[in-house]
Amino acid sequence: MRANGLAKEIVGYAKSAETRAVAVEIGLCDRVTDTAVEAVLGADLVVLAVPVGAMGELAEEIGAHLAAGTTVTDVGSVKQAVIAAVAPHMPEGVHFIAGHPIAGTEHSGPRSGFATLFVNRWWLLTPMEGADPAAVARLRALCEGMGAKVDEMDAAHHDLVLAVTSHTPHLIAYTMVGVADDLSRVTDSEVINYSAAGFRDFTRIAASDPTMWRDVFLTNKDATLEILGRFTEELFALQRAIRLGDGDHLHAYFTRTRAIRRGIIEAGQDTAAPDFGRSAIVVEKSG
Ligand SMILES: NC(=O)c1ccc[n+]([C@@H]2O[C@H](COP(=O)([O-])OP(=O)(O)OC[C@H]3O[C@@H](n4cnc5c(N)ncnc54)[C@H](O)[C@@H]3O)[C@@H](O)[C@H]2O)c1
Ligand SMILES: O=C(O)C(=O)C[C@]1(C(=O)O)C=C[C@@H](O)C=C1
C-alpha cells in the first residue's frame, strides 16, 4: 500500500513487542502503537492479519472503538469462520468485508512481506448479504491498486475451493515430509540427504507457520474433510493400479493431471516471487 501511495498514513499493531520493533526498524508502517485499540482510532480502513483463530478476540478488542463509516477487512485463509467470529463485534455503520489474498509464502513475520506479493494474484472478497456496494468498491479498488485481480464469492464456496487448492495440498505436504522424516531415522538420513526436487517442494510448503495452519484446519474442518475423503479414494485407486500393474490407468491419470498443470500456467497463475526456487516455472512460461 505504501509503495503504491494508497494510504495517507499506515498505522501498525502486533501482539509481540519484538514484531513491533522490527516493523519500526524496517519502516513497514508510519507509526506503530502498543495496543490494537490505539491503532484503529480514526482509521478509515482496518486490516486484520492474524491467524484465523485469533480474529474473533481481536475484533472484540477493537469493535467498540471503530467509528461509523470505517471499513474492516481481513486476510484470513478461511472465510466462514472469520465472518462468524468477527461480524458480531462490528458496530452499526461499520462495513465489515472479509477477504483473502491468494498470495503468500512459507515465511511469516514482518520481514517476510514484499511490495509485489499481490501483483497478478487473485484477491477474493466474500461480502455478507447487504454489504454496502460503495465500501466493497473501495476495497476492491485498494486490492487492485496493489496489483491484485479481485473476485467476489460466497464464503462457503470460498472455503470449499480453497480446501481443494490450498488447504488439503498443505496437509498432504505436511504428511509426506513427516513420513520421510520417520523413514530417515531408519535409513541413516538418506531420505533427507538425497531429497529430489519433488520432495523439496513439499518441504517448502511443510515449513509454513504451524499456528496459521493449525487454525486453518480447525476452522475449515468440513470442507477439508470432504476433499481429504475424495483424495483418499483416488489414492486407493492409484494404489490398486500399481498393485495390479495397470499401466493404462496410471498413464491416463497422469495425462489428465499434466493438462491441469498446463492450464494453470496458461492462465498465468504461476507467478510466485522469484526467490523461492521456482525459476524452472519461469523458464516454462517464457519458452
Ligand atoms: N502466509 C501466507 O501464505 C498467507 C497467505 C494468505 C493469507 N494468510 C492469512 O493471513 C493471516 C496472517 O498470516 P501471516 O502469514 O501474515 O502470519 P504472521 O505470523 O506473519 O503474522 C501474524 C501476526 O499475528 C499476530 N498474532 C497472533 N496471535 C494474535 C492474537 N491473538 N492477537 C493479536 N495478534 C496476534 C502475530 O504476533 C503476528 O504478528 C492468517 O490468517 C493467514 O491465514 C496467510
Ligand atoms: O506458496 C505458498 O507458500 C502458499 O502456500 C501460499 C498460499 C497458497 O496455498 O497458495 C497459502 C495460504 C494462503 O491462504 C494463500 C496462499
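What counts and how
Residues numbered from 1 in each chain as written. Chains lettered and ligands numbered in written order. Predicted model: local features only at pLDDT ≥ 70, side-chain atom pairs only at ≥ 80, totals over all residues. Heavy atoms only, no water. Disulfide = S-S within 2.5 Å. Buried < 20%, exposed > 50% of the residue type's maximum accessible area, 1.4 Å probe, protein only. Near = heavy atom within 4 Å. Polar contact = N/O pair within 3.5 Å; in protein donor to acceptor, adjacent residues only side chain to side chain. Areas by Shrake-Rupley, 256 points an atom, 1.4 Å probe, with all protein chains shown as cover. Helix = DSSP H or I, 4+ residues; strand = E, 2+ residues; numbered from the N terminus. Pairing = 2+ DSSP bridges. Axes fitted to C-alpha atoms, helices over the stretch in contact; angles between N-to-C directions. Nonpolar A, V, L, I, M, F, W, Y, C, P; charged D, E, K, R; others polar. Arc of directions from axis to C-beta. Contact = heavy atoms within 4.5 Å.

- For the protein, an unreviewed UniProt entry supplies the name Prephenate/arogenate dehydrogenase family protein and the organism Paragemmobacter amnigenus.

### Observations regarding the state of the cysteines
So, step 1. By the definition in use, this model includes 0 disulfides.
So, step 2. No disulfide involves C29; its sulfur sits 18 Å from that of C143, the nearest cysteine.
So, step 3. Judged by its relative accessible area of 1%, C143 falls in the buried class.

### Description of the site of ligand 1
So, step 1. Of all residues adjacent to ligand 1, which total 21 residues, the nearest are V50, V75, S77, A103 and G109.
So, step 2. The contact in question runs from a nitrogen atom of ligand 1 to an N or O atom on the side chain of E57, over 3.2 Å.
So, step 3. One nitrogen or oxygen atom from the side chain of S77 is found 2.6 Å from an oxygen atom belonging to ligand 1.
So, step 4. In isolation ligand 1 exposes 830 Å². Once the protein is present, 78% of that is buried.
So, step 5. Elements with a minimum of two residues in the shell around ligand 1: α3 (55–63) and β5 (95–101).

### Some thoughts on unusual backbone geometry
So, step 1. Of note, the phi angle at N120 is positive, near 65 degrees, even though the residue is not glycine.
So, step 2. Along the chain, the position of N120 falls in the loop between β5 and β6 (122–127).

### Section: the side chain of R204
So, step 1. Examined against the element boundaries, R204 turns out to sit in helix α8 (residues 197–206).
So, step 2. Residue class for R204 comes out buried when judged on its relative accessible area of 18%.
So, step 3. A distance of 2.6 Å separates the side chain of R204 from the side chain of E106, its partner in a polar contact.

### A look at the sheet that holds β5
So, step 1. Judged by pairing direction, the sheet is mixed, and its 5 strands sit side by side in the order β3-β4-β5-β6-β7 without closing on themselves. With partners counted over all chains shown, the strands left at the sheet margins are β3 (45–48) and β7 (149–152), one partner each. Ignoring which end each strand starts from, the neighbouring axes of this sheet average 25 degrees apart.

### With respect to the site of ligand 2
So, step 1. Near ligand 2 you find 13 residues, and of these S77, H100, S166, H170 and R204 are the closest.
So, step 2. E106 has a polar backbone atom sitting 3.4 Å from an oxygen atom of ligand 2.
So, step 3. Within the contact set of ligand 2, an oxygen atom lies 3.0 Å away from a side-chain nitrogen or oxygen of R204.
So, step 4. Taking 370 Å² as the accessible area of ligand 2 by itself, protein coverage stands at 86%.
So, step 5. Where the shell around ligand 2 is concerned, the elements lending two or more residues are α6 (155–184), α8 and α9 (210–219).
So, step 6. Looking at the shell around ligand 2 residue by residue, the class counts come to 4 nonpolar, 6 polar and 3 charged.

### Comments concerning α3
So, step 1. Three or more residues of α3 are buried, namely M55, G56, L58, A59, I62 and G63. Taken down its axis, α3 places every buried residue within 165 degrees of arc, on the same side. Turned more than 90 degrees off the buried face of α3, the exposed positions are E57 and E60.
So, step 2. Those residues of α3 that are buried are in contact with α2 (36–40), β3, β4 (71–74) and α4 (80–86).

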